[in-house]
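Chain by chain, the residues run as shown.
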Amino acid sequence: MDTLDFKLPHGEVTLVLDALRHYIKYIEHLKDNDVDDDTYADLQTDRMNLVAVERTLSEDFQRKFGKY
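This structure is a prediction, so every number in the text was calculated from the model and none was measured.

Student: Describe the packing of aromatic side chains, with residues and values.
Tutor: Tallied over the entire structure, the rule returns 3 aromatic pairs. Taking the centre distance of 6.0 Å and the plane angle of 10° together, the rings of Tyr 23 and Tyr 26 count as stacked. Taken together, the positions of Tyr 23 and Tyr 26, both in helix α1 (residues 10-28) and 3 residues apart, correspond to about one turn of that helix. Relative accessible area serves as the criterion here: at 34%, Tyr 23 is assigned to the partly exposed category. Summarising the aromatic geometry, the rings of Phe 61 and Phe 65 are spaced 4.9 Å apart at their centres and angled 45° between planes, so their arrangement reads as tilted. Of this pair, Phe 61 and Phe 65 both sit in helix α2 (residues 37-65), 4 residues apart, which is roughly one turn of the helix. A relative accessible area of 5% places Phe 61 in the buried class. According to the relative accessible area criterion, Phe 65 is partly exposed, its value standing at 42%. Aromatic ring contacts, followed pair by pair, group Phe 61, Phe 65 and Tyr 68 into a single cluster.

Student: Break down the pattern of salt bridges for me, citing the residues and quoting the values.
Tutor: A side chain of one charge can pair with a side chain of the opposite charge when the charged atoms of the two come close. Within this structure, the stated rule accounts for 2 salt bridges. In this structure, the salt-bridge partner of Glu 54 is Arg 21, at a minimum N-O distance of 2.7 Å. One end of the pair, Glu 54, is in helix α2; the other, Arg 21, is in helix α1, with 33 residues separating them in the sequence. According to the relative accessible area criterion, Arg 21 is partly exposed, its value standing at 24%. Where Arg 63 meets Asp 60, a salt bridge forms, and the shortest distance between an N and an O atom there is 2.3 Å. Here Asp 60 and Arg 63 lie together in helix α2, a separation of 3 residues that amounts to about one turn.

Student: Tell me what's going on with α2, and back it up with residues and numbers.
Tutor: Given a rise of 1.5 Å per residue, 29 residues ought to cover 42 Å, and the 41 Å separating the end C-alpha atoms of α2 matches this to within 8%. Every buried residue belonging to α2 is among Leu 43, Gln 44, Leu 50, Glu 54, Ser 58 and Phe 61, and all of these are buried. Looking at the buried positions of α2, the neighbouring elements they touch are α1. Between a side-chain oxygen at the N-terminus of α2 and the backbone nitrogen of Asp 38 the separation is 3.1 Å; the capping residue is Asp 36.

Calculation criteria
Residues numbered from 1 in each chain as written. Predicted model: local features only at pLDDT ≥ 70, side-chain atom pairs only at ≥ 80, totals over all residues. Heavy atoms only, no water. Phe/Tyr/Trp six-rings, centres within 6.5 Å; stacked < 30°, edge-to-face > 60°. Helix = DSSP H or I, 4+ residues; strand = E, 2+ residues; numbered from the N terminus. Buried < 20%, exposed > 50% of the residue type's maximum accessible area, 1.4 Å probe, protein only. Salt bridge = Lys/Arg side-chain N within 4 Å of Asp/Glu carboxyl O. Expected span 1.5 Å × (residues − 1). Contact = heavy atoms within 4.5 Å. Polar contact = N/O pair within 3.5 Å; in protein donor to acceptor, adjacent residues only side chain to side chain.

Remember that the coordinates give geometry; whether it matters functionally is a separate question.
Next comes the structure, spelled out in structure tokens:
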């Protein structure tokens, strides 16, 4: 798998984690009648992918700086 290595300051990583967590919660609390069926399905797929990204970033952050 191709990857992208990038360096972000501690504070910017916390902003990215906060944004990911906020969007994940938004999708989790979305009702299926709030959007059309295709959009809802796409958002649920996005949520699964975002959870994986958040977990990876959070684990990397925790190893270096501690739990956030």
